[in-house]
There are 4 protein chains.
Amino acid sequence: MSTSTQQAAGTPAAKRGAGMVALAYSGGLDTTVVVHRLTHQHGRPVAAILVDVGQNEDLDAAAKRATMAGAAETVIVDARERFAEEFLAPAIAANALYEGKYPLVSALSRPLIAEVVVEAARELGATAVAHGCTGKGNDQVRLEVGFGALAPDLEVLAPVRDWAMSRPEALAYADANGIDLGGVSREKPYSIDANLWGRAIECGVLEDPWAGAPDEPYAMTRAPGRLDQVTEVVVGFEGGVPVAVDGRRVGVLGVVERLNEAGGAVGFGRLDMVENRRVGIKSREVYEVPGALATLIAHQDLEALTIERDLLREKQRLEARYAELVYDGLWFSPLKRALDAFMAEAQESVSGEVRLRFAPWSCQPVGRRSPRSLYRADLATYEDTGDGFDHTAAAGFVTLWGLSTRTWAAVARD
Amino acid sequence: MSTSTQQAAGTPAAKRGAGMVALAYSGGLDTTVVVHRLTHQHGRPVAAILVDVGQNEDLDAAAKRATMAGAAETVIVDARERFAEEFLAPAIAANALYEGKYPLVSALSRPLIAEVVVEAARELGATAVAHGCTGKGNDQVRLEVGFGALAPDLEVLAPVRDWAMSRPEALAYADANGIDLGGVSREKPYSIDANLWGRAIECGVLEDPWAGAPDEPYAMTRAPGRLDQVTEVVVGFEGGVPVAVDGRRVGVLGVVERLNEAGGAVGFGRLDMVENRRVGIKSREVYEVPGALATLIAHQDLEALTIERDLLREKQRLEARYAELVYDGLWFSPLKRALDAFMAEAQESVSGEVRLRFAPWSCQPVGRRSPRSLYRADLATYEDTGDGFDHTAAAGFVTLWGLSTRTWAAVARD
Amino acid sequence: MSTSTQQAAGTPAAKRGAGMVALAYSGGLDTTVVVHRLTHQHGRPVAAILVDVGQNEDLDAAAKRATMAGAAETVIVDARERFAEEFLAPAIAANALYEGKYPLVSALSRPLIAEVVVEAARELGATAVAHGCTGKGNDQVRLEVGFGALAPDLEVLAPVRDWAMSRPEALAYADANGIDLGGVSREKPYSIDANLWGRAIECGVLEDPWAGAPDEPYAMTRAPGRLDQVTEVVVGFEGGVPVAVDGRRVGVLGVVERLNEAGGAVGFGRLDMVENRRVGIKSREVYEVPGALATLIAHQDLEALTIERDLLREKQRLEARYAELVYDGLWFSPLKRALDAFMAEAQESVSGEVRLRFAPWSCQPVGRRSPRSLYRADLATYEDTGDGFDHTAAAGFVTLWGLSTRTWAAVARD
Amino acid sequence: MSTSTQQAAGTPAAKRGAGMVALAYSGGLDTTVVVHRLTHQHGRPVAAILVDVGQNEDLDAAAKRATMAGAAETVIVDARERFAEEFLAPAIAANALYEGKYPLVSALSRPLIAEVVVEAARELGATAVAHGCTGKGNDQVRLEVGFGALAPDLEVLAPVRDWAMSRPEALAYADANGIDLGGVSREKPYSIDANLWGRAIECGVLEDPWAGAPDEPYAMTRAPGRLDQVTEVVVGFEGGVPVAVDGRRVGVLGVVERLNEAGGAVGFGRLDMVENRRVGIKSREVYEVPGALATLIAHQDLEALTIERDLLREKQRLEARYAELVYDGLWFSPLKRALDAFMAEAQESVSGEVRLRFAPWSCQPVGRRSPRSLYRADLATYEDTGDGFDHTAAAGFVTLWGLSTRTWAAVARD
């Protein structure tokens, strides 16, 4: 959490925050109305907490909207570096892809937002935390479980869910109360959540899962312009953490930004899928996640070179569990910690480089090397020279490897 | 198994086959030398069994080579339909991708070849079966475990492994004994195995995993010629089995052929990876599997729409196990049967259609529909009308969903 | 469902049941008060459904209590055979033990009760179903998920949870309204749920998990009277289903009854544990489950003899998942069906006999045999004669079995 | 490794050990013959390494036998403490029970013996290591994989397997060469392996899995003498490690010794089972493991109180994998290390005490307490006072918990 601005001051935190609600504020219609209603109708002072997780929005303008809607405090926290180092890095170690596909864009930012909001609440002496999620989505689960784990003593408010205001009602409220919505469009064809790790797009025409997604809502990716738009990027890892691009150390944040750029330029990283929300419903989701997918492709490729087979196989099963629990809002759970310990141990050997080739609509690994490579050309080669493999062992191995199946087949036949 | 040719006849099978070896014959250098040596040096009559699994080779020419090398019998079996229906269909149900990536091209054909060879051995009265695999690969495991499970009474020969002839030695033997190698190249820069489900390419320059793969060995896929080379194919499934293309019923074989074509045309389906062979070594493999990957993408996409969440999650774990056991040569094992039963039950609802979009280097699902769809727009919508979701239930759900984590965090904090 | 009694008749079901509530009636204080309040305060006719799952209570007396409390219909259903064949048999196939210990006494009866209540509701034309569970336990989950899966059109009532009456309040209500509580004790030191598969005991002094459980609430088991109280029972299985005792075919019900008797006589089958309820809390539970544990011990023992290793290992993992989903109320889920298919396939070979030895406080398997035994003395023996094992294969096997670990160790050392 | 004796000295290790074979020496017939043959027939100096893992044998007498058979060096290493702290403690953390039952008596000692033998080889400058296992068992796998991981540069000899001497042949060799077999019985009705963690008994009459095991080979356990032979032992844990008995700190070694005594006195801890050896065969095994089982019972019981549900469930699956890999000889594998990291994290909260009740033939937990207890009486109670549970949340929870199943059932019905 590198910077924060616009904090009110003058009175001790404990006093200042009495009854105060620290709100995870996005700058959109819903949370702006929440600021106003909590302040003016419920008499609760509101601290609007804006967390920069790389969403590429005008956060200063958003902060002003909160202040004008009545926020007692408005805080902007630049958490991009922290997001990359503390949230993306472990997710990369676990190759976290929900249902085998979705790299958990929103699911990874929510526990960070919960942390930042709780920290702000502590600093400001607030006695409650709040979010603007509805009752149908996953984010309510993630934020509330996060709040509960981090600050069981704080009251948790979910006004958007509990008031159940529709969008027209919220717009009418804003109009009636002179709330300046600034850049917030009155038309909202899509519900979008964005951060460094990608963009999640829901609603509108996407609610028919048979209908193709229009190009309109995409922002990180664009259709490639030329067939020969082909580039290679070499991603360097240390202990499973992506740290370098083409030999330059740029940190996790730098790697993801570079891969977002490289992938986005060729239209790589669009997902169109149906997924299972924690609350028990299926939803159709469109994502654009060029850097996330490219990072994971490189990481998996290096793991294949440097992790022993049995460990790799078991890790694959646990990766699915890991992605599920993150999706399901259990980032702060003890299971998450134990899985992180497993993953960390497994990453010990995952250092080296992977060459990624970006071409129109695609990203592929085309080479990998490592000082910890377990690939031994002398064992693998079918060439006749330099062969280090014990061929005669193979016959014995095959005999015993198949023995239990052979015994079963013989008995079953009788 | 639709046709077979060139079988000798006249004497009863039992007599004819006394001491006979039914050999899984590929038409290449190694197995042709095996035919000759077994026949002329070891005095064993050989039945060369050629199985057509869609490898697109001149099998008649190959059969002639076997006969000229001394084979007592030469049999060509067109097993393409059987391969699709009995081997690919269950693998599709299980989304079988070894180590998350490789659709098991060779691994799926080997148990079929074992079956066909055993059937031929029974018909011919052969008392032994044989294969031409080396001691370093996976195929020896797959064929021998298959032979052992299907015909524990038959002798199993692995002459290539046991004689340990190098390629130059084999070529010298062929020359010395006047074996006509026909189309078999003396230069063999790659080791290739092909069938309907894809092509596996090993050896040569690929043995350096950092070096990029050259375009040369690719045959099913080619670089796209235009940026706007975009097509859509609608794949239809019934109970998890792909049966239709763009509304026409073409069977599994037809679907895979159509998707091989559509994917191959845009360069989709190339894999470059390091994998773990069963014998304990890592190898670098290049595959081209356009139809296989496209089929699996479509299948997974339809499953997401039609399979309930908890079942989908558990299935994902078992899919990894399934792919491992097929890769590891245990197709005929009781675990495989039990997993098939699980998969079959899970496929009950997987009927419907998926729209696949092929563009240069890529294939993406862009729409899906099903009479058994579990997607309910009235539950998922964020719109204000037609909402069938009980918002008030969410608060209670979140409270109890996070309770065990909250309790743990509170106790840990004390 | 063999018999049912005391059903009212005369008018068509549809008419009779208009507004009627089919209640899972236990005969205890809570559900008796529910009958009275629903009838007299809410004006809803109540059908009290008593399901005999082997709880060894006077159901006729209970039925009379319901009638006197105002029930419009009272139905007793003898579901013991059905419980054994349709619920215990699959659980035995899956060796279902929640958290490795608890054989799911209540969890297995609830889906059956849900089925019976829904069937009765259909027959009577009732438009609602109801249960008497509180909000803290697992049974509300099991019954409501069951109702929802079986009859999504029926209204579901949970009056005990929703009214939140305390026990003193319920007793006061009964007194005030002249409800005859018959055999229902006013003092209720324990909360007990019993059926053929065992008894679950909660509450009272057990709420301190450090305090030992008193002998008082045990009913199926008793302290053994003599040190030499040792008996053997031979349990026979067919396809994984326990069907015989000491050579006599007695069916699942008969086997469980016999083992309850044999185990109970020597004090075998008491469990004292802390477990995790689905709603997120830990509870201390005492069970007595002599027949359930003995049946599972015998079943697992026969599986060890007749199931191939890899299948057994994977089955073990799925057994844990199976027990969890049954505990968590998901008996009617599609995951349950897919797991049942896996288990059924795995049971194909599980036929044979197991000798169980009961001694004071204990039950142990001491012998097992099967026509499908995979134990081959000629392979296993360390004797010098009759050895069918290929010793020379072992060296090759060990070499390749350890190869990936050896490679990893060598690279890690460098 | 606390003590070692009888090491020769005087010349530098490197010189002394040239060509020397460090042999895992047991003192029995086979390894004594190996000492003699390697020394006298193969001209290899032998260092006989005796490792005390609590087997309760006269190791000095055994050492003398080795010396008299020609051993150049004889070393006794007391590794009991190290066995307890470095091998049993992690196995306890993982509740390691192979196939759900067997606490891995031999499987846990073999990697320690491999370590000690390699250490001795290094110290003595030996260039080879050797073991006396046959080709049918698991121990060859465990020792050779261990040797390969720890010392890939050392030659590995398996003379008993490779020479394939039968027992009569070995006895004849001993007679012919005047080898003093001392306490080694010529009759050997059973093959027994013993250490602190238990005793494994194979062979003889046990090779018929239907026949009951005789009492004769049991040594750690005996039939109880009185029906009222009942004792309680309180076992204390810190971070998952058993460290105290009845409030006294005695370390892991002390706890296991005390529980061996308490369990052995009442006949608790006998197992009779069929298990799957790694080499692909089933064998019938009898174990006596009173202390091992009692320790694991106590540990699991305390985990139930102190570990959060989701972590406990996932840990249960990994425990099975852990036991398998230890059984399969992969103690020194990277998967083992990653699983250990998971287990260690999960043990963080596992501190407290468990009351074990030993009665004739049985051991049961009857109470547990912990400063990290997650059991909260105020949540669990069904009493009317002090209830901290949010009953109203339950209705919402149940609604959404069952939603995906309800949706599936509704669609399936249509």
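Our subject is the structure listed above.
What counts and what doesn't
Residues numbered from 1 in each chain as written. Chains lettered and ligands numbered in written order. Predicted model: local features only at pLDDT ≥ 70, side-chain atom pairs only at ≥ 80, totals over all residues. Heavy atoms only, no water. Pairing = 2+ DSSP bridges. Helix = DSSP H or I, 4+ residues; strand = E, 2+ residues; numbered from the N terminus. Expected span 1.5 Å × (residues − 1). Buried < 20%, exposed > 50% of the residue type's maximum accessible area, 1.4 Å probe, protein only. Axes fitted to C-alpha atoms, helices over the stretch in contact; angles between N-to-C directions. Contact = heavy atoms within 4.5 Å. Salt bridge = Lys/Arg side-chain N within 4 Å of Asp/Glu carboxyl O.

Enquirer: I'm lost on the sheet that holds strand 8 (residues 231–238) of chain C in this one. Help?
Expert: Whenever strands of a sheet pair, they do so through backbone hydrogen bonds, lying parallel or antiparallel. All names here are of chain C. In spatial order, the strands read 10-9-8-13-14; together these 5 strands make up an open sheet with antiparallel pairing. The sheet is open, and its two borders are formed by strand 10 (248–249) and strand 14 (362–369), each paired with just one other strand. As judged from the 4 bridges shared by strand 8 and strand 9 (residues 241–245), these two strands associate in the antiparallel manner. Counted as the bridge partner of Phe 237 is Pro 242 from strand 9.

Enquirer: Just to check I follow, could you spell out helix 6 (residues 139–150) of chain C for this structure?
Expert: Given 3.6 residues to a turn, an α-helix orients residues that are three or four positions apart in the same direction. Residue and element names in this part refer to chain C. With 12 residues, helix 6 extends 16 Å between its outermost C-alpha atoms, agreeing within 8% with the 16 Å of an ideal straight helix rising 1.5 Å per residue. In terms of burial, helix 6 is a largely internal element, 11 of the 12 residues being buried. Residues Asp 139, Gln 140, Val 141, Arg 142, Leu 143, Glu 144, Val 145, Gly 146, Phe 147, Gly 148 and Ala 149 constitute the buried set of helix 6.

Enquirer: It is not clear to me how the sheet that holds strand 3 (residues 73–78) of chain B should be interpreted in this structure. Could you clarify?
Expert: All names here are of chain B. Reading across the sheet, the 5 strands line up as 3-2-1-4-5 and stay open at both edges, with parallel pairing between neighbours. The open sheet has two edge strands, strand 3 and strand 5 (155–157), and neither has a second partner. On average, adjacent strands in this sheet sit at an angle of 25 degrees to one another, irrespective of strand direction. Relative to strand 3, strand 2 (residues 46–52) is paired through 6 bridges, and the arrangement is parallel. Counterpart to Asp 52 in the pairing with strand 3 is Asp 78. Each of strand 2 and strand 3 touches helix 3 (residues 59–69); the most contacted strand, strand 3, lies at about 160 degrees to it.

Enquirer: In this structure, what is going on with the pairing of strand 11 (residues 270–276) of chain A? I would like to understand it.
Expert: On a regular strand, each side chain points to the face opposite its neighbour's, so the side chains alternate between the two faces of the sheet. Residue and element names in this part refer to chain A. Buried residues dominate strand 11, accounting for 7 of its 7 residues. Where burial is concerned, the two faces of strand 11 agree: the one with Arg 270, Asp 272, Val 274 and Asn 276 and the one with Leu 271, Met 273 and Glu 275 are both buried. Remark: 5 residues form the turn of the hairpin made by strand 11 and strand 12 (residues 282–288), two consecutive strands paired antiparallel; Gly 280 in that turn has positive phi of roughly 105 degrees.

Enquirer: Looking at this structure, I do not really get the pattern of salt bridges. What am I missing?
Expert: Following the criterion strictly, the structure yields 144 salt bridges over all chains and no others. Between Asp228(B) and Arg226(B) there is a salt bridge, with the nearest N and O atoms lying 2.8 Å from each other. As a salt-bridge pair, Asp139(C) and Arg110(C) come within 3.1 Å of each other at their nearest N and O atoms. Of this pair, Asp139(C) sits in helix 6 while Arg110(C) sits in helix 5 (residues 105–124), and the two are 29 residues apart along the sequence. The pair Asp139(C) / Arg110(C) is uniform in exposure class, with both members buried. Where salt bridges share partners, they join Arg278(A), Arg321(A), Glu324(A), Asp328(A), Arg313(B), Arg317(B) and Glu314(D) into one cluster.

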